[in-house]
Amino acid sequence: MNDQRLRDDLIAVMGAGVATPLPDAGFDDLARRVSEHQWQTNPVFARFCAARGVQPGSWSSWRALPPVPARAFRERGLVSRGPCEAIFRTSGTTGGGTVRGEHRVPDLSLYHASLLPNFEAHLLPDGARLPMVSLIPPPREVPDSSLSHMIGVVQDELAPDTGYFVGGDGRMDEAGLRSAFRDAEDAGDPVLVVGTAFAFVHLLDSLAADGIGFRLPAGSRVMETGGFKGRSRPVPREELYEAIHGRLGIPPRRIVNEYGMTELLSQFYEPVLTEGTRLHRPPPWVRTRVLDPATLEALPPGREGLLCHFDLANAGSVCCLLTEDLGVEPPEAEGNGFRVLGRNPGAEPRGCSLAMDDLMTAVRGPAR
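Note that the coordinates shown come from a computational prediction; the quantities given were computed from them, not determined experimentally.

Criteria and cut-off values
- Residues numbered from 1 in each chain as written.
- Predicted model: local features only at pLDDT ≥ 70, side-chain atom pairs only at ≥ 80, totals over all residues.
- Heavy atoms only, no water.
- Helix = DSSP H or I, 4+ residues; strand = E, 2+ residues; numbered from the N terminus.
- Buried < 20%, exposed > 50% of the residue type's maximum accessible area, 1.4 Å probe, protein only.
- Contact = heavy atoms within 4.5 Å.
- Areas by Shrake-Rupley, 256 points an atom, 1.4 Å probe, with all protein chains shown as cover.
- Lys, Arg positive; Asp, Glu negative; His and termini not counted.
- Charge placed at Lys NZ, Arg CZ, Asp CG, Glu CD.
- Pairing = 2+ DSSP bridges.
- Right-handed = clockwise from strand over helix to strand, strands pointing away.
- Core = buried A, V, L, I, M, F, W, Y, C linked by side-chain atoms within 4.5 Å.
- Phe/Tyr/Trp six-rings, centres within 6.5 Å; stacked < 30°, edge-to-face > 60°.
- 1 Å grid on protein atoms, 1.4 Å probe; cavity = no way out; pocket = protein on both sides within 12 Å on 5 of 7 lines; lining within 4 Å.
- Points joined across faces, edges and corners; volume = space filled by probe spheres on them.
- Nonpolar A, V, L, I, M, F, W, Y, C, P; charged D, E, K, R; others polar.
- Axes fitted to C-alpha atoms, helices over the stretch in contact; angles between N-to-C directions.
- Parallel < 35°, antiparallel > 145°, perpendicular 65-115°, else oblique.
- Left-handed = near helix turned anticlockwise from the far one by under 90°.

Caption draft 1: Representation of the overall build of the protein within the structure. Helices and strands together make up the secondary structure of the protein, namely nine helices and 13 strands. Projected onto its principal axes, the C-alpha positions of the protein cover 70 × 45 × 40 Å. Looking at the protein residue by residue over its 368 residues, the buried ones come to 53%. Sequence-distant contacts, at least 24 apart, represent 68% of the contacts inside the protein between residues at least 6 apart. Summed over all atoms, the accessible surface of the protein reaches about 15,700 Å², with 50% contributed by carbon and sulfur. Computed over 38 positive and 47 negative side-chain charges, the separation of the two mean positions in the protein equals 4 Å.

Set out below in structure tokens:
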């Protein structure tokens, strides 16, 4: 970002941590400033907003900004002017597509400022500094993976004793993993195990085939990112967590699901270690809504729809993102958050289709 004051203000909000609420008025002020910055630096986004009837200064709430469909990141025109520090790419497997989406990040400081307090609050709320056992490849081997980059930042700042046991080619060092688990058992030192769902399935299948199990020390915990993307047999979450309990000795109440995506720089966690709930909580600098797939109107709690996130950490690209994930807000009594219900099946929802039509018109630019 080239707006130093805006960046500093955003980092200050994130640095205050996830326990410090951001009132609606404060969020609206930052959202307006971020959006004006994006209007100035991203001409495709500016034309898209104009096509949807939104101009700078014409709205009073972040809710009025039109959401950009996540698959728009596969269109190379949706980028901000100027250099970028990193380019993160999607897997390219969603919906059978072959084109990988790109999230061009001009300033990694916002990404780091958003991920660290959120990770610490949900995986290390007790202040522990645990050895991290990673089933996610190291960032040096997959520099375009936002997830690997995230784990690398966590290693640098929160978990210097980190071992990587999956390579950039996806191969798992099973012997090394078993040795690391055995060492933790023998020393009585708890560990933090992080990985994707399909990596855990591969590990657990291997341990089961050899009749091997571990009892990792009390205080150990797991971060599981979910998603199989055709790389492993799908396993229901409850079955996966019970298998982790059976083979590693870490109970489900110590397993935290992380929901994130390449197109967003913030993540969502279940606060199971602090609240015992399976509800994903947005950090204070993110607002999440559930929208009607046909009209993109906001739905009340209890109604299933498409998840839409307004992420201030996305100041360098587009902050209001319409996902392809179905979700639901719980009753107000359960607090702020949402539940992810999986990918939207079948044809593209009408609301997404119309938004993409406007986006593609914006990519082509004004008629000559």
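Now that the structure has been shown, we can carry on.
Caption draft 2: Seen up close, the sheet that holds strand β7 (residues 221-224). Ordered in space as β5-β4-β6-β7-β8-β9, the six strands form an open sheet in which the pairing is mixed. Single-partner strands in this sheet number two, and they are β5 (162-164) and β9 (268-269). Alignment of strand β6 (residues 192-195) against β7, held across four bridges, turns out to be parallel. Within the sheet, the bridge partner assigned to V193 lies in β7 and is V222.

Caption draft 3: Molecular detail of the pairing of β6. What you see with β6 is no split at all: L192 and V194 on one side and V193 and G195 on the other are buried throughout. Strand direction decides the pairing type here: strand β4 (residues 132-134) and β6, joined by three bridges, are parallel. Note on β6: the bridge partner recorded for M132 is L192. Between β6 and its parallel partner β7, the chain crosses via helix α7 (residues 197-209), and the hand of that crossover is right-handed.

Caption draft 4: Looking closely at the nonpolar core. Of all hydrophobic cores here, the largest spans 82 residues; its most connected members are L10, L65, F119, M223, F310 and L312. With eight residues, helix α4 (residues 108-123) is the largest single contributor of residues to this core. Formed by 28 residues, the second largest nonpolar core is a distinct cluster that contains L135, V166, A197 and F200.

Caption draft 5: Spatial organisation of the packing of aromatic side chains. Inspection of every chain in the model, using the stated rule, returns 10 aromatic pairs. Ring geometry for W62 and F310: centres 5.9 Å apart, planes at 75°, overall edge-to-face. Linking W62 in the loop between α3 (43-51) and β1 (68-69) with F310 in strand β11 (residues 305-311), this pair joins segments that are 248 residues apart in sequence. We classify W62 as buried; its relative accessible area is 4%. Where F119 meets Y269, the ring centres are 6.4 Å apart and the plane angle is 85°; that geometry is what we call edge-to-face. Within this pair, whereas F119 is found in helix α4, its partner Y269 is found in strand β9, the two being separated by 150 residues in sequence. On the basis of relative accessible area, F119 is assigned to the buried category, the value being 0%. The buried category is assigned to Y269, whose relative accessible area is 0%. Here a set of aromatic residues connected by ring pairs shows up, and it is made of F27, W62 and F310.

Caption draft 6: The arrangement of the pairing of β7 in detail. Of the two faces of β7, the one carrying R221 and M223 and the one carrying V222 and E224 are both buried. Relative to strand β8 (residues 255-259), β7 runs parallel, the two sharing three bridges. Opposite M223, over in β8, you have V256 as the bridge partner.

Caption draft 7: Region of the structure containing the layout of surface pockets. Taken as a whole, the second largest pocket spans an internal volume of roughly 270 Å³. Along the wall of the second largest pocket there are 15 residues; nearest its centre are P282, P283, V286, R287 and N336.

Caption draft 8: Structural detail: empty space enclosed by the protein. Within the structure shown, the criterion is met by two cavities of 30 Å³ or more. In this structure, the largest cavity spans a volume of roughly 100 Å³. As for the largest cavity, its lining consists of 14 residues, of which V79, S80, R104, P106 and G316 are closest to the centre. Among the residues making up the lining of the largest cavity, the classes are represented as six nonpolar, five polar and three charged. In this model, the second largest cavity occupies a volume close to 40 Å³. Around the second largest cavity sit H103, V105, P106, D107, L110, L265, A313, N314, G316 and S317, which together line it.

Caption draft 9: A look at the packing of α4 against helix α5 (residues 146-157). At their nearest, the axes of α4 and α5 sit 10 Å apart, and the two run at 70° to each other. Looking at the two axes, α4 sits roughly perpendicular to α5. The two elements α4 and α5 cross, and the hand of that crossing is right-handed. Taking contact as the criterion, the partners of L108, Y111, H112, L115, L116 and F119 in α4 are, on α5, S146, H149, M150, V153, V154 and E157.

Caption draft 10: Expanded view of unusual backbone geometry. Even without glycine at this site, L296 takes up a positive phi of about 65°. In this fold, L296 is placed in the loop between β10 (286-291) and β11. On the basis of relative accessibility, which here comes to 13%, the residue L296 falls in the buried class.

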